[in-house]
There are 2 protein chains.
Amino acid sequence: MKVLLVHAHPEARSLNGSLKNFMVERLTQAGHEVQVSDLYAMQWKAPLDVADFAHVEPGAHFDPVLDSLRAFEDGTQPDDIASEQAKLLWADAVIFQFPLWWYSMPAILKGWVERVYAYGFAYGIGEHSDTHWGDRFGEGTLAGKRAMLVVTTGGWAPHYSPRGINGPINDLLFPIHHGILYYPGFEVLPPFVVYRTGKVDDAAYARITEELGDRLDALWTTTPIAFRPQNAGDYEIPALTLRPDVAPGRTGFAAHVSD
Amino acid sequence: MKVLLVHAHPEARSLNGSLKNFMVERLTQAGHEVQVSDLYAMQWKAPLDVADFAHVEPGAHFDPVLDSLRAFEDGTQPDDIASEQAKLLWADAVIFQFPLWWYSMPAILKGWVERVYAYGFAYGIGEHSDTHWGDRFGEGTLAGKRAMLVVTTGGWAPHYSPRGINGPINDLLFPIHHGILYYPGFEVLPPFVVYRTGKVDDAAYARITEELGDRLDALWTTTPIAFRPQNAGDYEIPALTLRPDVAPGRTGFAAHVSD
């Protein structure tokens, strides 16, 4: 199978850098083809801005949405964006690996999402009407592919537990899992989270890589998070709220996962 | 009073650009001093990387946390970072204004947080031990100041309602409200959210600016979100979980807001 690893850490000799190398080796040894987008090493351009859109005349009004569609359709996107889109289309599975910075992904990775996820590629797919709100949340360009987050954090596991001060890790990751990965069609696997990164000695590193290795070995068999497809009957359209008989009385992120 | 407006949109003639101008005018007319950090206009450097740290020798191991502390303490931070920190210290209130892109802030603003929020400035403040986990979540460098988000989104309000497919807007914004603003001490006001930005005609714009104007007029009197302070007895330390008698049985983001 083909695996794309999108990696966002500024120091190759960090824990994240080591885990990235471990993953490449493990996947390669298992016979998979691996490509790595090492965003810091690539000096990835983070901001989505008018410089990405050659067709916008100097001084013309720039629309991040409509100009994204035009560049995608006309094939005038910058090479770095088109190249990442090609990697996504090539991959059977994509692993996003990053440290949790201020409770979300690093800016350089967020900028990868904003620029690579063009209108026509990752959103704006399919019919958009009052009865069908696009092919998204379970459908879309990346349907049939798997995605998994590998995340490190300095905090302790209890800080991210159901009553922990940071909020539950699954809720913190929901906007990524559901809003960035499930949206264009990925099947999203449960995340692999490393806590308390300041205290990783040799024994802890051995345990982490053993567990991570098991997750990589099970990349094709692990059951994805059971997010509810948008267009399979669970949602009212166009309100896009859960129908009253679906998870009755429940609210919040967890209501969008079926039992 | 003094207001800092941190603005992140790439097109000055956009809805966001218009709302930014409206806010500057309204606040100035009310007698406040206003500074604007227009991140796209400033060509703000988004990624936190080794280039920010002059003291790191070429080829040396870069530690984003420890090197951040050293640069902050030694006064060797880049001017753009030090300048934003000075604006934060100057301000009585800070407004962050941005379009919701992929369910979070634009990368350029996330990178502002990562770079400006230095170790010693926004985190790593106060005693860190098994009985006091730093001055944060209600205490810290920015305590006594107010912060408010002004957010635009193309989706409809029901899509962001308690049972909406995107997740409730308050939950989507929790990692920013609580994890980025309350963390270093800000009092966080309820957000001002504009939905369905593709359909803003003159009448809608008039209604939006009237409501936003009211919010600005009430910037000093609006009741902040009642997040629970970390160090006032609601949390077990060092587990940082809610004590059993606090919001008993409740989990998730909302449990960190007192009734």
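Anything mentioned here points back to the structure above.
Bear in mind the structure is a predicted one, so any value in this text is a computation, not a measurement.

Things to note about helix α3 (residues 79-90) of chain B
Working step 1: Given a rise of 1.5 Å per residue, 12 residues ought to cover 16 Å, and the 16 Å separating the end C-alpha atoms of α3 of chain B matches this to within 8%.
Working step 2: Buried residues along α3 of chain B sit in contact with β1 (2-7), β2 (33-38), α2 (66-74), β3 (93-99) and α4 (107-116) of chain B.

Section: the nonpolar core
Working step 1: W112 and Y117 of chain A together with W112 and Y117 of chain B are the most contacted members of the largest nonpolar core, which has 120 residues in total.
Working step 2: With sequence-adjacent residues up to four places away left out, W112 of chain A is seen in contact with V6, L39, W44, E84, L88, F96 and Y117 of chain A.

Regarding the pairing of β1 of chain B
Residues and elements named next belong to chain B.
Working step 1: When you tally the buried positions in β1, you get 5 out of 6 residues, the bulk of the element.
Working step 2: Two strands pair when backbone bridges link them, and β1 and β2 are joined in this way by 6 bridges, in the parallel orientation. Considered in β2, the bridge of K2 is made with E33.
Working step 3: Regarding the hand of the β-α-β motif, the stretch spanning β1, helix α1 (residues 15-29) and β2 is right-handed.
Working step 4: As defined by bridge partners, β1 adjoins β3 across 5 bridges and the pair is classed as parallel. Within the sheet, the bridge partner assigned to L4 lies in β3 and is V94.

So, the relation of the copies chain A and chain B
Two copies of a chain can be linked by a rotation about an axis combined with a shift along that same axis.
Working step 1: Relative to chain B, chain A is turned by 180° and slid 0.0 Å along the rotation axis, the superposed coordinates differing by an RMSD of 0.0 Å. Here the transformation between the copies is reduced to the relation of a two-fold axis. By C-alpha distance to the rotation axis, the residue of chain A lying nearest is A107 of chain A, at 2.4 Å.

What to know about the interface of chain A and chain B
Working step 1: Across the contact, 71 residues belong to chain A and 71 residues belong to chain B.
Working step 2: Buried area between chain A and chain B, summed over both chains or domains, comes out near 5200 Å², and the portion from carbon and sulfur atoms is 66%.
Working step 3: In terms of surface lost to chain B, no three residues of chain A exceed W102, R163 and I165 of chain A, which account for 20% of the buried area on that side.
Working step 4: For the pair chain A and chain B, the interface holds 0 salt bridges.
Working step 5: Looking at the side of chain A that touches chain B, the elements with two or more residues in it are α4 (107-116) and α5 (169-182) of chain A.
Working step 6: Per-element tally for the side of chain A that touches chain B: the top contributor is α5 of chain A, with 7 residues.
Working step 7: In terms of residue class, the side of chain A that touches chain B is made up of 41 nonpolar, 19 polar and 11 charged.

Considerations on the pattern of salt bridges
Working step 1: Applying the stated criterion across every chain yields a total of 28 salt bridges over all chains.
Working step 2: Two residues, R250 of chain A and D259 of chain A, come together in a salt bridge whose shortest N-O distance is 3.4 Å.
Working step 3: By relative accessible area, R250 of chain A is classed as partly exposed at 29%.
Working step 4: A salt bridge links E11 of chain B to R13 of chain B; the nearest nitrogen and oxygen atoms lie 2.8 Å apart.
Working step 5: In this structure, a network of salt bridges that share partners links the residues K45, D49, D52, D80 and R115 of chain A.

Topic: the side chain of S161 of chain B
Working step 1: Tracing the backbone shows S161 of chain B in the loop between β4 (146-152) and α5 (169-182).
Working step 2: With relative accessibility at 18%, the residue S161 of chain B sits in the buried group.
Working step 3: Here P158 of chain B takes part through its backbone oxygen, which lies 2.7 Å from a polar atom of the side chain of S161 of chain B.
Working step 4: Excluding its chain neighbours within four sequence positions, the residues that come into contact with S161 of chain B are T241 of chain A together with G167 and P168 of chain B.

Quick look at the environment of Y117 of chain A
Working step 1: Positionally, Y117 of chain A belongs in the loop between α4 and β4 (146-152).
Working step 2: Taking relative accessible area as the criterion, Y117 of chain A reaches 1% and is therefore assigned buried.
Working step 3: Taking C-alpha positions, Y117 of chain A is 9.5 Å from E84 of chain A, a pair spaced 33 residues apart along the chain.
Working step 4: Residue contacts for Y117 of chain A: discarding those within four places in its chain leaves L88, W112, A122, Y123, L142, I180, L181, P184 and F186 of chain A together with W102 of chain B.

Here's the deal with the packing of helix α3 (residues 79-90) of chain A against α4 of chain A
Residues and elements named next belong to chain A.
Working step 1: Their axes nearest at 9 Å, the elements α3 and α4 cross at an angle of 90°. Classified by the angle their axes make, α3 and α4 are roughly perpendicular. On α4, the residues touching D80, I81, E84, Q85 and L88 of α3 are W112, R115 and V116.
Working step 2: Its residues placed into classes, the contact of α3 with α4 shows 4 nonpolar, 1 polar and 3 charged.

Let's talk about the environment of Y123 of chain B
Working step 1: Within the secondary structure layout, Y123 of chain B lies in the loop between α4 and β4.
Working step 2: Residue class for Y123 of chain B comes out buried when judged on its relative accessible area of 18%.
Working step 3: C-alpha of Y123 of chain B to C-alpha of P175 of chain B: the two residues are 52 residues apart in sequence and 15 Å apart in space.
Working step 4: Other than its neighbours up to four places away in sequence, Y123 of chain B contacts W102 of chain A together with P64, V65, S68, Y117, A118 and Y183 of chain B.

Rules and cut-offs
Residues numbered from 1 in each chain as written. Chains lettered and ligands numbered in written order. Predicted model: local features only at pLDDT ≥ 70, side-chain atom pairs only at ≥ 80, totals over all residues. Heavy atoms only, no water. Helix = DSSP H or I, 4+ residues; strand = E, 2+ residues; numbered from the N terminus. Expected span 1.5 Å × (residues − 1). Contact = heavy atoms within 4.5 Å. Core = buried A, V, L, I, M, F, W, Y, C linked by side-chain atoms within 4.5 Å. Buried < 20%, exposed > 50% of the residue type's maximum accessible area, 1.4 Å probe, protein only. Pairing = 2+ DSSP bridges. Right-handed = clockwise from strand over helix to strand, strands pointing away. Least-squares fit on C-alpha atoms with pLDDT ≥ 70 in both. Buried area = accessible area lost by both parts, 1.4 Å probe. Salt bridge = Lys/Arg side-chain N within 4 Å of Asp/Glu carboxyl O. Nonpolar A, V, L, I, M, F, W, Y, C, P; charged D, E, K, R; others polar. Polar contact = N/O pair within 3.5 Å; in protein donor to acceptor, adjacent residues only side chain to side chain. Axes fitted to C-alpha atoms, helices over the stretch in contact; angles between N-to-C directions. Parallel < 35°, antiparallel > 145°, perpendicular 65-115°, else oblique.

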